[in-house]
Amino acid sequence: MSRDSDSESRFENQTGHQCKEWRFSPSDRCPGTGSYIYARNATGAESPVAGICQRTRPAKNLYLGLLAMTLLWVVPVLACGSFQPRPTPTRDIPVAVPAAETPVPDEPTPTAPSTAPPSPTQTSIPSPTPTVAVRNPLTIGEPARITVPGGLNVREQPTIRSPAVTLLAQDKRITVLEGPVSSDGYIWWKVDDNQGTVGWVAGGQGIDDWISPHVGEARPIDRSPVVGDRVIVTLNGELTVRSLPGIGSSIVARARTNQTFSVVAGPQAADGYFWYQIRSDDGAVEGWAADGREGERWLSPLE
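Residues numbered from 1 in each chain as written. Predicted model: local features only at pLDDT ≥ 70, side-chain atom pairs only at ≥ 80, totals over all residues. Heavy atoms only, no water.

(A) Broad picture of the overall build of the protein chain. Secondary structure assignment for the protein chain yields two helices and 19 strands. Burial statistics for the protein chain: of 303 residues in total, 26% are counted as buried. Summing over all exposed atoms, the protein chain offers an accessible surface of approximately 22200 Å²; the carbon and sulfur share of this is 54%. (Helix = DSSP H or I, 4+ residues; strand = E, 2+ residues; numbered from the N terminus. Buried < 20%, exposed > 50% of the residue type's maximum accessible area, 1.4 Å probe, protein only. Areas by Shrake-Rupley, 256 points an atom, 1.4 Å probe, with all protein chains shown as cover.)

Rendered as structure tokens:
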């Protein structure tokens, strides 16, 4: 700040000190403090330049003001909440959980081979077949005859569940090989039909006998002849004997009922018949004759 002589002749522009004193306002309601600024003049005496009164409020008023300002800030915050921005919600992305590893079993500890000798295996012995009581037993190795009407099935095994091989006609002569065996309520015998077929036949149910050990005299059998059979004419009348198989060939002779022959050849199929070459015992008649038609037997083997 610049100074000049004129100004300095009036008063020095500096503040010396302040003096405080208690005074009362005109209304005497509240006390206050007054400050006066003095100026030094040219003579060195101090005189007050201005009577500026500065009031200082007590500390209580200061605390009330701070409290009011705090309330002005706290009340809106409590009413409206925080002014801080809310976090944006985020969606949790599922994380694949690795599958549990399959535990690997521990390798078995190798076992040392046993040096002890193995215990002997007990062989099961099949129980013997119980003896079956038969009223008219057959003799093994001896001939027998089928007596049941309609004949008997020959099966592979002595049971009705076994497949049938062939059918033996009534009065058929057989040879007994094995038996008896009880199965499925029947008495079974293993037989040979003397023509290449071997199997099991049911001899009855314990009451009726379907196979008789009494063979007796040879009887005509309802079956087709084979070479070597002894046959008998069972046609009621005369059987034509021809030179060749077939109804167009020449007639050699006519055989009568119950006349017997031996089969030397056949069969041959011709004109809807099966033909067999037959020969008489004296050799006087030899030719081809049909064995029958539609279930009617003209030449029947003797057994």
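(B) View of the confidence of the model for the protein chain. Counting all residues, the mean pLDDT for the protein chain is 75, and 60% of those residues have values of 70 or more. The model gives residues 125-130 a pLDDT under 50, and that stretch makes zero contacts with residues more than four places away or in other chains. (pLDDT = per-residue confidence, 0-100. Contact = heavy atoms within 4.5 Å.)

(C) Looking closely at the pattern of salt bridges. Under the criterion given, the structure shown has ten salt bridges. A salt bridge links Lys172 to Glu303, with the nearest nitrogen and oxygen atoms 2.5 Å apart. Here Lys172 is found in the loop between β6 (164-168) and β7 (173-183), whereas its partner Glu303 is found in the segment after β19 (299-301), with 131 residues between them in sequence. Residues Lys172 and Glu303 agree in their burial class; the two are buried. In this structure, Arg297 engages Asp291 in a salt bridge whose closest nitrogen and oxygen atoms are separated by 3.2 Å. Residue Asp291 is classed as buried on the basis of its relative accessible area, which comes to 6%. (Salt bridge = Lys/Arg side-chain N within 4 Å of Asp/Glu carboxyl O.)

(D) A look at a nonpolar patch on the surface. Among the surface-exposed residues, Leu62, Tyr63, Leu66 and Met69 lie close enough to one another that they form a single nonpolar patch of about 470 Å² accessible area. Here Tyr63 shows up in helix α2 (residues 59-80). (Patch = residues over 30% accessible without salt bridge, like charges linked within 9 Å, V, L, I, M, F, W, Y side chains within 5 Å.)

(E) Local environment of the side chain of Ser162. You can see Ser162 is positioned in the loop between β5 (152-155) and β6. Residue Ser162 is classed as buried on the basis of its relative accessible area of 6%. Among the polar contacts listed, one links the side chain of Ser162 to the backbone nitrogen of Gln157, at a separation of 3.0 Å. Once residues within four sequence positions are removed from consideration, Ser162 is found in contact with Arg155, Glu156 and Gln157. (Polar contact = N/O pair within 3.5 Å; in protein donor to acceptor, adjacent residues only side chain to side chain.)

(F) Seen up close, the environment of Trp200. Checked against the element boundaries, Trp200 lands in strand β9 (residues 198-204). For the pair Trp200 and Val154, spaced 46 residues apart in the sequence, the C-alpha separation amounts to 5.4 Å. Among residues more than four places away in sequence, those in contact with Trp200 are Asn153, Val154, Arg155, Glu156, Gln157, Pro158, Glu178, Val181, Trp188, Trp189 and Lys190.

(G) View of unusual backbone geometry. A cis amide bond, omega 0 degrees, links Gly179 with the succeeding residue Pro180. Tracing the backbone through its elements, the reader meets Pro180 in strand β7. The omega torsion across Gly266 and Pro267 is 0 degrees, close enough to zero to call that bond cis. Inspection of the secondary structure puts Pro267 in strand β14 (residues 260-270). Here Glu294, not a glycine, exhibits a phi torsion of approximately 50 degrees, which is positive. With respect to the helices and strands, the residue Glu294 is situated in the loop between β17 (292-293) and β18 (296-297).

(H) Structural view of the environment of Arg161. Take Arg161: it is sitting in the loop between β5 and β6. Arg161 gets classed as exposed once you look at its relative accessible area, which sits at 67%. Along the backbone, Arg161 and Asp184 are 23 residues apart, and their C-alpha atoms lie at a distance of 9.2 Å. In terms of polar contacts, Arg161 uses its side chain to reach the side chain of Asp184, at 3.4 Å.

(I) Quick peek at the packing of aromatic side chains. Counted according to the given criterion, the structure contains four aromatic pairs. Plain terms: the ring middles of Tyr186 and Trp210 are 5.9 Å apart, the flat faces sit at 45 degrees to each other, and that makes the pair tilted. Here Trp210 lies in the loop between β9 and β10 (211-212) and Tyr186 lies in strand β8 (residues 186-192), a separation of 24 residues in the sequence. Cluster of aromatic residues (ring-pair linked, three or more members): Tyr186, Trp188 and Trp210. (Phe/Tyr/Trp six-rings, centres within 6.5 Å; stacked < 30°, edge-to-face > 60°.)

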